[in-house]
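Here's the letter readout for the chains.
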Amino acid sequence: MVATMQLIDGNEISKQTLAELREKIGRLFAREKIVPSLVVLRVGDDPASVSYVKKKEKTAAEVGIKGTVKVFPPDISREELAREIVALNADAGVNGILVQAPLPPHIDEKSMFNLVRPEKDVDGFSETNLGRLAQDLPSAIAACTPAGIIELLRRSRIETAGKHAVVIGRSLIVGKPISLLLLSKKSNATVTLCHTGTTNLAEISRQADIIVVAVGHAKFLKKEMVKPGAVVIDVGINRIPDATKKSGFRLVGDVDFDEVAPRCSHITPVPGGVGPMTVAMLMRNTFLACCRQNGIAEESLL
């Protein structure tokens, strides 16, 4: 057991991040009369997507970003959706474009992500931004959840330089980009990227100073997979049955929290850990995209 275990409070850190961003956006408008603009494209009425998009719209308004949601029927053709994206690409009044996943089965998500101009790709999912991230270029826009993880580590004063980070999960949304961010010269960690098919996964994860888990399996990471004093970042959001809840379920992460937490120096809870940072970093990405498109250095707004 690690007596000094600390909970990383994503709710509080996201509030700090958004408060600072709101001040910068206020200065941007006062000086340049520019309001950052974000357009979210939602196809269909998937309940989770509806909820996520409402949260994004609400947060945008709170920080001073002009947020617009465009909703399309689930049977929209690939060509029609593509035309919408192309039109937004050409609209100088739009700084950020987000295509809300999941899309219906007849529309390939990656092709839609790649259609968004890189400088407006505030989700950071396009092949161009992932390529820029791999090349450690400052022009890269990092995916929101991985960027949020880096911010959690930074604001929690957790050292990454020289540390061994094990990432469990290889998705385009989290696993691959967080591996690249941790590998970057700015973070300077040594990274091992694993997944559910990795042989001897527990043996590898026990070597880690920092573990990021994003596999989509409830309570996947057990205490025997974590060395004492490790930092554990739980990206998972899973529903499990719970008769004591009105909804009939409760949310848990990819980490068996009750088992693992006593062994950690720091750990994120679910909910209230990584999740709140994803929306906060979307707002930050939109602000940065706006600054870059208008030739304004973020540092000049401090």
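Residues numbered from 1 in each chain as written. Predicted model: local features only at pLDDT ≥ 70, side-chain atom pairs only at ≥ 80, totals over all residues. Heavy atoms only, no water.

Colleague: Is there a simple way to think about the overall build of the chain in this case?
Modeller: Across its full length, the chain holds ten helices and eleven strands. For 302 residues, the compact-globule estimate of 2.2 N^0.38 gives 19 Å, and the chain sits close to it at 19 Å. Its C-alpha atoms put the chain at 55 × 45 × 35 Å along the principal axes. Pairs at least 24 apart in sequence give 70% of the contacts found in the chain among residues at least 6 apart. A total of about 14,400 Å² of accessible surface is found on the chain, and carbon and sulfur atoms cover 53% of it. (Helix = DSSP H or I, 4+ residues; strand = E, 2+ residues; numbered from the N terminus. Rg over C-alpha atoms; globule rule 2.2 N^0.38 Å. Contact = heavy atoms within 4.5 Å. Areas by Shrake-Rupley, 256 points an atom, 1.4 Å probe, with all protein chains shown as cover.)

Colleague: In this structure, what is going on with the pairing of strand β6 (residues 190-194)? I would like to understand it.
Modeller: Consecutive side chains of a regular strand alternate in pointing toward one face of the sheet and then the other. One ladder, built from five bridges, connects strand β5 (residues 164-168) with β6; its direction is parallel. Bridging across to β6, Ile 168 finds its partner in Cys 194. Of the crossover connections in this fold, the one passing from β5 over helix α7 (residues 175-183) to the parallel β6 is right-handed. (Pairing = 2+ DSSP bridges. Right-handed = clockwise from strand over helix to strand, strands pointing away.)

Colleague: Quick question: what am I supposed to make of the sheet that holds strand β8 (residues 230-234) here?
Modeller: Sheets are built from strands paired through backbone hydrogen bonds, the pairs being either parallel or antiparallel. Read from one edge of the open sheet, six strands run β1-β11-β8-β7-β5-β6, paired in parallel fashion. Each having just a single partner strand, β1 (6-7) and β6 make up the two edges of the open sheet. In terms of strand pairing, strand β7 (residues 210-213) meets β8 through four bridges, oriented parallel. Bridging across to β8, Val 213 finds its partner in Asp 234.

Colleague: Please clarify how the environment of Leu 183 should be interpreted in this entry.
Modeller: If you trace the backbone, Leu 183 turns up in helix α7. Among residues more than four places away in sequence, those in contact with Leu 183 are Ala 189 and Val 191.

The values reported here are purely geometric and, on their own, carry no functional implication.
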